[in-house]
Amino acid sequence: MINSQDVTLFLKQTLNRFKKDEFPQVVKEWGFVKTDNFGSSKKSAVNEILADCQKKEIKPKTVFELQLISTVLHPTNKKWTVYKLTRSPGSADLTNPYVIQRKIKKQISSFFKHCLCFRKHSDSLWFHVAILQDSPHSQACFLPSNSFLIVHYPHSPYIMVTNIKAAYKDIVMQALMNSLECTKIQELKLTGRNLHSLADMVLNCDSQGAFSQYRLNKIDQNPLIRKSRKRPRGPEVKEEVFDGRICCEDIQEKKQRKEINISTFGINKQPILETVKYNLETTFRGTDFAPAMDQKKPFRCRVKFEGTNVLEGIKQLGPAGLAILPLPHHIGRVHSLAKNHLLVSDKKTNHTV
């Protein structure tokens, strides 16, 4: 049984996730209260909102709706996994968000007592599902392990899902498969915290790298247009003055490296991935240095890249002279492969991803 004190406690915890300047927007979207006095500090703003909430009956769904708004504003607080939907030939895509919401609620209700919250944000549909299983602990339904989020982009065969408790995962996947009217849900080897980058990689996998400049309209003006381009207003940028006594001996090599790098990654910022993992099952090629190694058996090891933006870091290796260009396909084309867990093995193409 969920008591009102627990609901109020988790409501306060959820409110503390927001920044002070976000409260006007959050309260408006939430719609549970109409507070317009947020005080001079975050603490006073939280107390004002709580005081108004306590004048009404606060239900668990009220907190779950606020948690959903928090995740929409700060999706990087969650870890996301991408799934691909396979539909039968000729079947129509579900695009009505309220039909999808009703179907998901109906399917999950067959297995669990739950609370479903829905929100449409930009061109995506967001669902927050909290499992309300019987438990001796009244706070169980508010635990992160008992809730998960689903983000679906209509007209696309992809959904992004946060971590699901192992005991619920198979049932939830079956419920989603029935709700979205697909024959198969396949977990892609693509995970991360930056939801927008994950979506960009799967929705625009054919226009990454050098092709991204056309999708993002970062190309030169049509040379047939006579009208000159207007220069943006602002302070003039002074060219860097180099010491005339210093000369660069590898100008052509640097120019060539830059051209190869642009043809691989393009001129735009790379999608944000915090990790890229490789499982290697290849023949050992360092027998000149370790002759005792057996070349007949596969050499197995794992390589893991970590950082705030791994792909952007890999992009900078070539111009810095720290990598041999062009990079191998399974390294230079991660943005187009739409996965960050890769298997490299000896086959006809020398690599399998």
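Here, every reference points to the structure presented above.
Rules used in this analysis
Residues numbered from 1 in each chain as written. Predicted model: local features only at pLDDT ≥ 70, side-chain atom pairs only at ≥ 80, totals over all residues. Heavy atoms only, no water. Buried < 20%, exposed > 50% of the residue type's maximum accessible area, 1.4 Å probe, protein only. Helix = DSSP H or I, 4+ residues; strand = E, 2+ residues; numbered from the N terminus. Pairing = 2+ DSSP bridges. Contact = heavy atoms within 4.5 Å. Polar contact = N/O pair within 3.5 Å; in protein donor to acceptor, adjacent residues only side chain to side chain.

K.L.:
Honestly, the pairing of strand S1 (residues 80-86) in this entry has me stumped. Any pointers?
P.N.:
When a strand is regular, its side chains alternate between the sheet's two faces. In terms of burial, S1 is largely enclosed, as 5 of its 7 residues are buried. As paired elements, S1 and strand S5 (residues 158-162) share 5 bridges and run antiparallel to each other. What sits directly across from Trp-80, in S5, is Thr-162. Relative to strand S6 (residues 184-192), S1 is paired through 6 bridges, and the arrangement is antiparallel. Within the sheet, the bridge partner assigned to Trp-80 lies in S6 and is Gly-192.

K.L.:
Hey, could you run me through the environment of Ala-338 in this one?
P.N.:
Secondary-structure assignment places Ala-338 in the loop between helix H12 (334-337) and strand S9 (341-345). Assessed through its relative accessible area of 12%, Ala-338 is described here as buried. Here the alpha-carbon distance between Ala-338 and Thr-191, two residues 147 residues apart in the chain, equals 9.8 Å. Among all residues touching Ala-338, those that are not within four sequence positions of it are Leu-190, Met-201 and Val-202.

K.L.:
Which parts of the structure should I look at to understand the side chain of Ser-124?
P.N.:
With respect to the secondary-structure elements, Ser-124 resides in strand S3 (residues 124-131). At a separation of 2.9 Å, a polar atom in the side chain of Ser-124 contacts the main-chain carbonyl oxygen of His-121. Every residue in contact with Ser-124, bar those within four places of it in the chain, is listed here: Arg-119, Val-151, His-152 and Tyr-153.

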